[in-house]
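The lines below spell out each chain.
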Amino acid sequence: MNEHPITIKTAEPQARVVSDALDRLNVLGWSGGLAAIIAGLAASFLLFGYAVAYWRNADMDFMVIYSALAMNDGKPQHFLDHTAYLTIVSVKSWFQLWHGLGLLDAYTLPAMPPASDAFDAAMTQAVRAGRVLAFLIAAMCVLVFAGLARRIFRDWRIALVATLAFALSGGVAVHSRILRSEFVAACPVIFALMILIITGRRASRARPLGMAVAAALCVIGLENKVQAILLIGMVPFVILPFGGPDSASVAFWRKAAASWLTASIAAIIALAAAWVAWPLIATGLDRGLLDAAQFHPLLLNRFGVYQVALLVLIGGCMIAYATIWRISAAETLAAMSAVIAGASIALLLLDADYNTANVIAVINPLEKMLIFADANTADAASGSSLAAVVLLLLDGLASVLARYSFVLHSSPRPTVFLTWLIIPGIVYAWRRGEKLAALQSLMLMLAAIGIDTLGVRRGLKIEYFIFTDPWIVLAGAILLERMPELRFHKWAYAIAATLFGLHVAVGQAEPIKYAFKRSGPESICEWNRYYMPLMPLPWCPHQP
């Protein structure tokens, strides 16, 4: 009998392997994911946008369409509040195209039938044509955002998640189905910021060309809505921490002869472009025209003061960026020249369908904004009391923070839930040594909060979310890229899936609410005589 004990080997318990949450979120791949995002936007547009009654989103659909119809009849742009210049010009050309294809009968004011059933049919046709254009612009901007995000983030899965968050944000949800000026104003500036991040991180000979494109995009945004000046003013500060080991100038920009010759040529081009654009700038600063438009100077009783200050600020930040990230003096000069050239060339777009009111608004954006400000804001801006300015800003900041909490002030804005993760994520990234990523994300969040604080004075309507939603999305994506271990946390996928559900539910809530509203179009009669004097509406009292 064997007295020795028998040893039985048992397998040691295996540690549970946690999968990468990004893999589970990106099962369709890059191309399939983009196709799904665009398909989802299209489905939402068709269900809760295209088929909605033509008068449901009349502000600003009617105002833009009326101006487009009038301009196709040879009349000047009528709606000039924002200025909505590029939106109106694009709708005007879009109507011409649809008429040429036989898809739109009434594309001018005289072609609109009198107030009757025929009017309803014609206006429905025009509004739906405009909504199709709004959707196409939104879809194109989502694809551009995706392309730029993929250049920023090394992992395409993070780029796709950022694109999904952008596409499902409250701003895109609203602007993909109505005609407003904010979308075409905000997206170019956001794309300019993304281009600056890309070009700043990796040096090349052609980097100043990227600066020129970014400057042109900023001016394009400003031409469509003067509130874009708030975003433009933030960009020089926000971009400062976005550099790295590969940011230093390449050898070409350190060769004395070649680099300074190129910089001199760039300066000559900048001077030529500025000279061509100068008549527009001079018109925008003409005191007689400004007085006739009831513009009041913001500082020192002189127009042009803060515009010069902004140019000095941009130049100073460019020099600071060059110092921090070791960019040569020749490349810095070439980049400054490129910024001047790009901005000047983009300013010439105002000549495409010239209107003096657009010119003075674009050159004096803050004065234009103050025309529509409430009494408290106007008084504070006049410099009557520094304490009043501080109190207004604190009140706006408190309102923004309440909205970001969602609990203290509910909001149809899904990106507020991202802030719940981003703010503690910044602290976590800083403590674990990812200080540059934490600083980059913090700058983006501070910019978003600052812009929203000023936007509170106009009610921070859902249409304004597009100005800051992309900053928040980029802030979150930067943290996610620099802290890959978070993707393997056992709760990572559950949190991501919850955020996706909240984005869909909250982001689509407002379009669905508008689609099922039961109120009629009578409220339009409060302003239609002012904004559409030559187009009577069948449900409003007769206009003389």
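Just above sits the structure.
Presented here is a report on the structure given in the accompanying data block. Since this is a predicted model, take the numbers as computed values, not measurements. (Residues numbered from 1 in each chain as written. Predicted model: local features only at pLDDT ≥ 70, side-chain atom pairs only at ≥ 80, totals over all residues. Heavy atoms only, no water.)

**Some words on the state of the cysteines**
Stage number 1. With the rule as written, the count across this model stands at one disulfide.
Stage number 2. Of all cysteine sulfurs in the structure, the one in C187 sits closest to C218, which takes part in no disulfide; the separation is 13 Å.
Stage number 3. Cysteine C317 is unpaired, with the sulfur of C218 as its nearest cysteine sulfur at 13 Å.
Stage number 4. According to the relative accessible area criterion, C317 is buried, its value standing at 9%. (Disulfide = S-S within 2.5 Å. Buried < 20%, exposed > 50% of the residue type's maximum accessible area, 1.4 Å probe, protein only.)

**A word on the nonpolar core**
Stage number 1. Ranked by size, the top nonpolar core spans 156 residues in total, and within it F62, F95 and W471 carry the most contacts.
Stage number 2. With 19 residues, helix 5 (residues 117–152) is the largest single contributor of residues to this core.
Stage number 3. Once residues within four sequence positions are removed from consideration, F95 is found in contact with I65, A68, L69, N72, L104, Y107, A126, A129 and G130.
Stage number 4. Judged by nonpolar contacts, the second largest core, of six residues, contains W253, A266, A330 and A334. (Core = buried A, V, L, I, M, F, W, Y, C linked by side-chain atoms within 4.5 Å. Helix = DSSP H or I, 4+ residues; strand = E, 2+ residues; numbered from the N terminus. Contact = heavy atoms within 4.5 Å.)

**What to know about a nonpolar patch on the surface**
Stage number 1. A surface patch of nonpolar side chains, amounting to about 690 Å² of accessible area, comprises V407, L408, W420, L421, W491 and I495.
Stage number 2. Residue placement: V407 occurs in the loop between helix 18 (386–405) and helix 19 (416–431).
Stage number 3. What makes V407 exposed here is its relative accessible area of 70%. (Patch = residues over 30% accessible without salt bridge, like charges linked within 9 Å, V, L, I, M, F, W, Y side chains within 5 Å. Areas by Shrake-Rupley, 256 points an atom, 1.4 Å probe, with all protein chains shown as cover. Salt bridge = Lys/Arg side-chain N within 4 Å of Asp/Glu carboxyl O.)

**Observations concerning unusual backbone geometry**
Stage number 1. A cis amide bond links D59 to the next residue, M60, at an omega of 15°.
Stage number 2. Along the chain, M60 falls in helix 3 (residues 58–72).
Stage number 3. In this structure, the amide linkage connecting H82 to the following residue, T83, adopts the cis form with an omega of 25°.
Stage number 4. Position of T83 among the secondary structure elements: in the loop between helix 3 and helix 4 (85–100).
Stage number 5. With a phi close to 55°, L300 is a non-glycine residue in the positive phi region.
Stage number 6. The phi torsion at N301 lies on the positive side, around 55°, for a residue other than glycine.
Stage number 7. The exposed category is assigned to N301, whose relative accessible area is 54%.

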